[in-house]
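Working through the structure, step by step
As a plain string of letters, each chain reads:
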Amino acid sequence: MITLEGITKSYNGRPALRGITTTVDRGEFVYLTGPSGAGKSTFLRLVYRAELPDSGAIVVNGRDLTTMRRRDVAEFRRRLGVVFQDFKLLRRRTVAENVTFVLSLLNFPDREQQRRAYLVLKQMGLQHRMSAYPEELSGGEQQRVAIARALVLQPDLVLADEPSGNLDPERSHELMELLKTINYQGTTVVVATHDRMLIEAHPARTLFLEHGRVVKDAWVAAP
Amino acid sequence: MNRHAVREVRRQVRESGAAGFVAVVLVAVASAWGGALWTARAWVETELLASDRPATVVAVARGPAEAAALREAIRQRAPATGVSALSPRKVQEELANWFPELATVLLTLDERSFPPILEMEVSASEEAAIVPWLQARPEVTLVESSRAWQARLQRTISEILVAGLGLAVALLIGCGVVVLLVVRLLVLAHADEIAIMRLIGAHERDIRRPYLLCGSVLGATGGVLGALVLAGLWVLFRAVLPTLAVSGWTYGALPVGGALAGAAGASIGLASLPSEP
């Protein structure tokens, strides 16, 4: 699903990733972990093609991102779902509108938009909050809306950048359960987190990053 | 254009608020002004400066004898030319009529103080030939042609029109700048949306189109208002100038011009957009 081959990336001469080589198979659940500045977010930004590497090759879903034309990036991203620590919901739109935004952009019929939004929000346990605005929701609910938005197009791959960063421990565990469920349904999930306890509570393959390098690639088991 | 784009354009126009209203008013003023000038130009050219109209040529003779000789010479040169003569007495009376405050003085003068005048109506092509011929005649002291006055009037009107249309273009550029600012404000207000649109796979055209169309809609609305103002002005002036007419082309051009100015402003306002998070 994801192949990185000798990826380097620096910002203003300061290296963020140094020769990363790794693969993530289809249907896998993978954590990226490490201290701040280790390169977790850069790794994800490269995978959803917000950035291009300085050198190396990235293949996601069979598409070489380094040679991908700009106009093909949009199509590529429609097969991805991305979740952020700060949710990045549209404040002036309701929960349902946040979720259907991508569908309306793709000109789905209104009924189909509503149907899909209902189903995915029901999966998140938020079907009763469809007309609420993000500010009326708790952090955990907002994050679930963000996940619903990421899932509404049934992506092959979900990327989550510190998705539990703004949630209390209980909501964090609920979120991880949700991501695990999505993964069990066949979606590849990559989660960047520095929360070691969360990883231990929901064990999976973990890539340990330090100073832009993968220093360890191992299955983290519960302590 | 899909439903999403239509909804977005409607929303952008609604959210443009007071700034959008100012843009619409500016476009309306600019387009009404430009349309009125264009209509005035067309009217002046048709009614006052038509080149195919006969010209009136006036020749001032040295005296009655010279006037008679000149009349005979004109008859021989162009028998079909109708020449009317104003005797010194008639000229004296005409001048007294034109300048009533000087009438007392003018009418006390000896009528021989006034020259006889020959007036003729000639075609545009004949005018070009007869004026130099008259000027070369020894019996003539002065030759004036309505065409020369037309040319002077045309020059003056052209200068006024150039200045007026320049002002209209400047106003339209101003409208473009206002639309640019409106779109820039909308982009800043929607920076999060644009970033997320990129993230979820929106094409560049999907992101830009609503803003571009919003600019065009504001401009076109201003143009339509301008056309309505122009129609109102036409109704007002029709009573004074019955031959005044606004062409359908002018009415059509105003919304199109407004839309283009709006689109141009919007496209500059969209020069840089937020990138994905």
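Residues numbered from 1 in each chain as written. Chains lettered and ligands numbered in written order. Predicted model: local features only at pLDDT ≥ 70, side-chain atom pairs only at ≥ 80, totals over all residues.

With that out of the way, let us pick up the overall build of chain B. Counting its regular elements, chain B contains 10 helices and four strands. Here the C-alpha atoms of chain B give a radius of gyration of 31 Å, more than 25% beyond the 19 Å that 2.2 N^0.38 yields for 277 residues. If you line up chain B on its principal axes, its C-alpha atoms span 100 × 40 × 25 Å. In chain B, buried positions account for 35% of the 277 residues. (Helix = DSSP H or I, 4+ residues; strand = E, 2+ residues; numbered from the N terminus. Rg over C-alpha atoms; globule rule 2.2 N^0.38 Å. Buried ≥ 20, exposed ≤ 12 C-beta atoms within 10 Å, placed from the backbone.)

The subject of this paragraph is the overall build of chain A. If you tally the helices and strands in chain A, you get seven helices and 10 strands. In terms of overall size, chain A behaves like a compact globule, its C-alpha atoms giving a radius of gyration of 17 Å where 223 residues would be expected to give roughly 17 Å. Principal axes of the C-alpha set define a box for chain A whose edges measure 45 × 45 × 30 Å. Put simply, chain A has 223 residues, and 45% of those count as buried.

What follows deals with the interface of chain A and chain B. The interface is formed by 13 residues belonging to chain A together with 15 residues belonging to chain B. Every element with two or more residues in the side of chain A that touches chain B is listed here: α2 (70-77), β6 (80-84) and α3 (95-105) of chain A. Among the residues making up the side of chain A that touches chain B, the classes are represented as seven nonpolar, two polar and four charged. (Contact = placed C-beta atoms within 7 Å. Nonpolar A, V, L, I, M, F, W, Y, C, P; charged D, E, K, R; others polar.)

In this structure, Ala148(A), Leu159(A), Val183(B) and Cys214(B) are the most contacted members of the largest nonpolar core, which totals 112 residues. When residues of this core are assigned to their parent elements, the largest contribution, 11 residues, is made by helix α9 (residues 204-238) of chain B. If near-sequence neighbours (up to four positions away) are discounted, Val183(B) is found in contact with Tyr211(B), Cys214(B), Gly215(B), Gly265(B), Ala266(B), Gly269(B) and Leu270(B). (Core = buried A, V, L, I, M, F, W, Y, C linked by C-beta atoms within 7 Å.)

Residue and element names in this part refer to chain A. A positive phi angle is found at Arg49, which is not glycine, with a value near 60°. Relative to the elements of secondary structure, Arg49 occurs in the loop between α1 (40-47) and β4 (55-60). Looking at Arg49, the number of C-beta atoms within 10 Å reads 21, which means it is buried. Residue Lys88 is not a glycine yet carries a positive backbone phi of 50°. One can find Lys88 in the loop between β6 and α3.

With that settled, consider the packing of α9(B) against helix α10 (residues 248-269) of chain B. All names here are of chain B. The contact between α9 and α10 brings their axes to 6 Å, and the two run at 150°. Taken together, the axes of α9 and α10 are roughly antiparallel relative to one another. You can see that α9 and α10 cross each other, and the crossing is right-handed. Among the residues forming the contact of α9 with α10, the class breakdown is 16 nonpolar, 11 polar and no charged. (Axes fitted to C-alpha atoms, helices over the stretch in contact; angles between N-to-C directions. Parallel < 35°, antiparallel > 145°, perpendicular 65-115°, else oblique. Left-handed = near helix turned anticlockwise from the far one by under 90°.)

Residues and elements named next belong to chain B. Spatial ordering of the open sheet is given by β2-β3-β1-β4, a layout of four strands whose pairing is antiparallel. Each edge of the open sheet is held by one strand with a lone partner, namely β2 (83-86) and β4 (140-145). Within this sheet the neighbouring strands show an average axis-to-axis angle of 20°, counted without direction. In this sheet, strand β3 (residues 117-122) lies alongside strand β1 (residues 55-61) in antiparallel orientation, the contact comprising six bridges. Across the sheet, Ala55 pairs through a bridge with Val122, a residue of β3. Sheet strands in contact with helix α7 (residues 146-189) are β1 and β4, and its direction is about 50° off that of β4. (Pairing = 2+ DSSP bridges.)

All names here are of chain A. Here helix α6 (residues 169-184) contains 16 residues, and its C-alpha end-to-end distance of 22 Å stays within 8% of the 22 Å for a straight helix at 1.5 Å per residue. Where α6 is concerned, the buried positions are Ser172, Leu175, Met176, Leu179 and Ile182. Each buried residue of α6 sits inside an arc of 115° when the element is viewed along its axis, so together they form one side. For α6, exposure combined with an orientation more than 90 degrees from the buried face picks out Glu170, Glu177, Thr181 and Tyr184. Buried-residue contacts for α6 involve α5 (139-151), β7 (157-161), β8 (188-192) and α7 (196-201). (Expected span 1.5 Å × (residues − 1). Arc of directions from axis to C-beta.)

Each assigned domain of chain B is listed here: domain 1 (3-50 + 152-269) and domain 2 (55-122). For domain 1 of chain B versus domain 2 of chain B, the separation of C-alpha centres amounts to 55 Å. (Domains from an automatic or database assignment.)

Attention now moves to the pairing of strand β9 (residues 205-210) of chain A. All names here are of chain A. Two strands pair when backbone bridges link them, and strand β3 (residues 29-33) and β9 are joined in this way by four bridges, in the parallel orientation. Considered in β9, the bridge of Thr33 is made with Phe208. Relative to strand β10 (residues 213-219), β9 runs antiparallel, the two being bridged by six bridges. Along β10, the bridge assignment pairs Thr206 with Ala218.

Think of two packed helices as two axes; the pair is described by the angle between the axes and how far apart they sit. All names here are of chain A. At a minimum axis separation of 9 Å, α3 and helix α4 (residues 110-123) run at an interaxial angle of 125°. Classified by the angle their axes make, α3 and α4 are oblique. Seen from above, α3 lies across α4 with right-handed handedness. Side by side, α3 and α4 meet where Val95, Ala96, Val99, Thr100, Leu103 and Ser104 of the first sit next to Gln113, Arg116, Ala117, Val120 and Leu121 of the second. Here the residues of the contact of α3 with α4 sort into seven nonpolar, three polar and one charged.

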